[in-house]
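One-letter residues, chain by chain:
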Amino acid sequence: MKTLLLTGFEPFLQFKENPTATAVKVFDGETIGDYRVVGRVYPVAFDKINDLITRDLDVFEPDVVVNLGLAGGRHTVDIERIAINCVDGRTDNEGFTPDGEKIDEAGPDGLFSTLPVKRLEKALKANHIPARISNSAGTYLCNNLMYTTLNHTRQKGQSIPAGFIHVPAHHEIGTELNVSSWSQDDINKAVGIILGNI
């Protein structure tokens, strides 16, 4: 059976929970179509993320990679089109504040998702899930993870579907922080549709 690596993140910044971690735990070990799902939840730490994802890519040798991240305040599922070779923005969970550094000094400036972004957007909308293709994954850990995933598979000469999906906050976060939110069940439903349409 083929392997699908599904990743999420732990809570970070003002977000005391992360719906991607919950979604990953829901699907870990499940079989969806031709794929067995392997779930991993990563720390929000710039000095660890590259080693963690490259190790998991090498150990599990997945046929598909779907990275998930929380975009608090967004009201759609955002299918990221491109990752850039830059980290910047707010402090991570271990106190590091990025300042425009490159993720890979020798890497390309940007790398495009190899997921079928148009098909995923269409499948989500067909199931009444608000979705869009996004042309910026930001410069925080989500972009870092997407870039390193694509860069590592590129360096290994692998041609596999891989990319990043941002999801909204769930209601507990939304109520506390007064931002747009979905139920966790709806977030899980969206993730399941994505995994079933790659």
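Above this text is the structure in question.
Residues numbered from 1 in each chain as written. Predicted model: local features only at pLDDT ≥ 70, side-chain atom pairs only at ≥ 80, totals over all residues. Heavy atoms only, no water.

(A) Spotlight on unusual backbone geometry. Unusually for a residue other than glycine, Glu61 sits at a positive phi of about 45°. By relative accessible area, Glu61 is classed as exposed at 53%. Even without being glycine, His128 reaches a positive phi, approximately 60°. Its relative accessible area of 73% is what places His128 among the exposed residues. (Buried < 20%, exposed > 50% of the residue type's maximum accessible area, 1.4 Å probe, protein only.)

(B) Quick look at the pattern of salt bridges. One pass over the full model with this rule turns up 8 salt bridges. We note a salt bridge from Arg74 to Asp78, for which the minimum N-O separation is 2.5 Å. Residue classification places Arg74 among the partly exposed residues on the basis of a relative accessible area of 23%. The partner of Arg74 in a salt bridge is Glu80, and the shortest N-O contact between them spans 3.3 Å. A relative accessible area of 0% places Glu80 in the buried class. Shared partners join several salt bridges into a network, and the residues in it are Arg74, Asp78, Glu80 and Arg132. (Salt bridge = Lys/Arg side-chain N within 4 Å of Asp/Glu carboxyl O.)

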